[in-house]
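In case you want the letters, here they are:
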Amino acid sequence: MTANQLTLWYLVASVCFILALKGLSSPLTARRGNYFGIAGMTIAVLTTIAVVARGRVDLILMAMLLGGTLGAIVARRVQMTQMPELVAAMHSLVGMAAVLIAVAAVNHPASFGVADPLPTGNKLELFIGTFVGAITFSGSVIAFGKLAGLGKHFRLFSSAPVVFAGQHWLNLALALVMFGFGAAFFLAADKAWTPFAAMTAIAFVLGVLIIIPIGGADMPVVISMLNSYSGWAAAGIGFSLNNAMLIIAGSLVGSSGAILSYIMCRAMNRSFISVILGGFGAAEGAAAVGAEQKAVRSGSAEDAAFLLGNAENVIIVPGYGLAVARAQHAVKEIADMLAQKGVNVRFAIHPVAGRMPGHMNVLLAEAEVPYDQVFEMDDINGEFGTTDVVLVLGANDVVNPLAYQKGSPIFGMPVLDVHKARTVLVNKRSMATGYAGLDNPLFYMDKTMMVFGDAKKVVEDMLKALH
Amino acid sequence: MGGSVDPTVINLVVFVLAVFVGYHVIWNVTPALHTPLMSVTNAISSVIIVGAILAAAPAESDFGSWLGVVAVALAAVNVAGGFLVTQRMLEMFRKKQK
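Residues numbered from 1 in each chain as written. Chains lettered and ligands numbered in written order. Predicted model: local features only at pLDDT ≥ 70, side-chain atom pairs only at ≥ 80, totals over all residues. Heavy atoms only, no water.

A.B. asks: Would you explain the nonpolar core in this entry?
C.D. replies: As a rule of thumb, soluble globular proteins bury nonpolar side chains together. In terms of nonpolar packing, the biggest core is built from 195 residues, with A:Val317 and A:Val418 touching the most fellow members. Residue contributions to this core peak at 16 residues, all from helix α4 (residues 83–107) of chain A. (Core = buried A, V, L, I, M, F, W, Y, C linked by side-chain atoms within 4.5 Å. Buried < 20%, exposed > 50% of the residue type's maximum accessible area, 1.4 Å probe, protein only. Helix = DSSP H or I, 4+ residues; strand = E, 2+ residues; numbered from the N terminus.)

The structure is reproduced here in structure tokens:
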């Protein structure tokens, strides 16, 4: 195969990747999109293997079989609630692979068809690919630990922010030193292993330091951000190997992660900079202390079922508390039961309802809730005013009307307008505050009835009462 | 003017255009599918496996080519895991059966 043919096949693969992402514009076309992605990857791998010397192909195929089998087993076994951990772990692998490839490229540029010694342009790109890859790797490992709740075993994995004095100055100093070594590598005449190794080592440390101050509540932003980094790392490697397909695929992933980070920040009413600087949630619950005791109206699951059964329009607002209690399937049965009684049931989803973008949609889909019953915040917010009963399950900050009150800490945050409905049923375990540590006036409204208890237990009791 | 264009400049052209394509395609993704989007982009960024295969390729093996073999295995975990878990999730998104 000539270099031109190879490049043209890479073009076909690149187009397949674009089509894979395009398919995700609707659940109807998404599966076909995924097949395009698989086709693109197959073309990319097969054409590359075709140009590789025969002697090594066995070894490469064995490595692929080993990794592929492991990946397939994990993909089959992982639970949908664990998707954020899985995605973080996969980001770390992309980051590590980028670093390994960069080391191999410094060692032996000829195997990539790049001149030996490396031209300065390629060195610069290699430097970028390496440090972004290294930061992606160690940052994702920390994110994985935080998401998997490994804080008990290792303090750096704590979901509470790890902060210390002078943290940001240390990071800045390290980054400058890293760029210094990068410049030394860039300017050296031949293989400059010392600055390259020093630069890579500092990048690994920086990845850890960047992620540890970010608290559990901001994890949706962190995963999206690392998603973006893993793409830029791939693009950086593509630059240094003069491989257009890697650049295209990397850029697609990089922009995807960047856009998701932006969407998550907007949904939490936080600036990207303040998320990155971290420390949010360190004083968790502290703000709640001053709140005076106000009266709430509480009722039983049977009372709630009665109200639901007699409504014409019901909107269910699931929060992550619902997933923690594993109550999705029971909620689905309630929705079916109400639909049988002629009630119009819909689900309303806030962008940060889960622990990563779109997480709650997947959890509901897993419980076999049809996706045409599930609505995004912007599409359903106008409907609450004409809704008889809203059932809020394990959500708090995302339904807090304080977001409309000037001067409140969450002023301006987009929320579900649950308070506009005729009757609001709120299931919570207790009156504890959410991540933002804020009291929620919704709970004290006359139209609100609190149903305390574990979400699964409460939902199952409602179901019994509806029969 | 004259002479041939530096490969880096061509790379930059490809990069900028790809970012634009990415920007427009991603904003069209429905928010309901943002989790599958992340897992599939994960699989797609593992196309870095192409670089890993080239790194593993030299006939005379040295430490660089062994790192390449390791990189192939790591990227292969993502390729298989990413596409399969995406498929698994997308299978769940079904319309209401009438």
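A.B. asks: Can you walk me through the interface of chain B and chain A in this structure?
C.D. replies: Bring the parts together and some accessible area is lost; that lost area is often taken as the interface size. Residue-level contacts link 81 residues of chain B with 98 residues of chain A. For the chain B and chain A pair, buried surface summed over both sides reaches about 8,000 Å², with 76% attributable to carbon and sulfur atoms. The three residues of chain B that bury the most area against chain A are B:Met38, B:Ile48 and B:Phe93, which together make up 9% of that side's buried surface. At the surface where chain B touches chain A, the tally comes to 20 residue pairs in polar contact (both at pLDDT 80 or more). Broken down by secondary-structure element, the contributors of at least two residues to the side of chain B that touches chain A are α1 (7–27), α2 (34–45), α3 (49–56) and α4 (63–92) of chain B. No other element matches the 28 residues that α4(B) contributes to the side of chain B that touches chain A. Of the residues assigned to the side of chain B that touches chain A, the class counts are 53 nonpolar, 21 polar and seven charged. (Contact = heavy atoms within 4.5 Å. Buried area = accessible area lost by both parts, 1.4 Å probe. Polar contact = N/O pair within 3.5 Å; in protein donor to acceptor, adjacent residues only side chain to side chain. Nonpolar A, V, L, I, M, F, W, Y, C, P; charged D, E, K, R; others polar.)

A.B. asks: Would you explain the pattern of salt bridges in this entry?
C.D. replies: Any two side chains of opposite charge can pair, so long as their charged atoms come close to each other. Residue and element names in this part refer to chain A. Taken as a whole, this structure holds ten salt bridges over all chains when the rule is applied. Salt-bridge contacts for Lys 332 lead to Asp 336; the nearest nitrogen and oxygen are separated by 2.8 Å. Of the two residues, Lys 332 and Asp 336 are both situated in helix α13 (residues 328–340); the distance of four residues between them amounts to about one turn of the helix. Residue classification places Lys 332 among the buried residues on the basis of a relative accessible area of 17%. Note on Asp 336: relative accessible area 31%, which makes it partly exposed. Where Asp 417 meets Lys 420, a salt bridge forms, and the shortest distance between an N and an O atom there is 3.4 Å. Using a relative accessible area of 6% as the deciding quantity, one classes Asp 417 as buried. A network of salt bridges, in which partner residues are shared, links Lys 457, Asp 461 and Lys 464. (Salt bridge = Lys/Arg side-chain N within 4 Å of Asp/Glu carboxyl O.)

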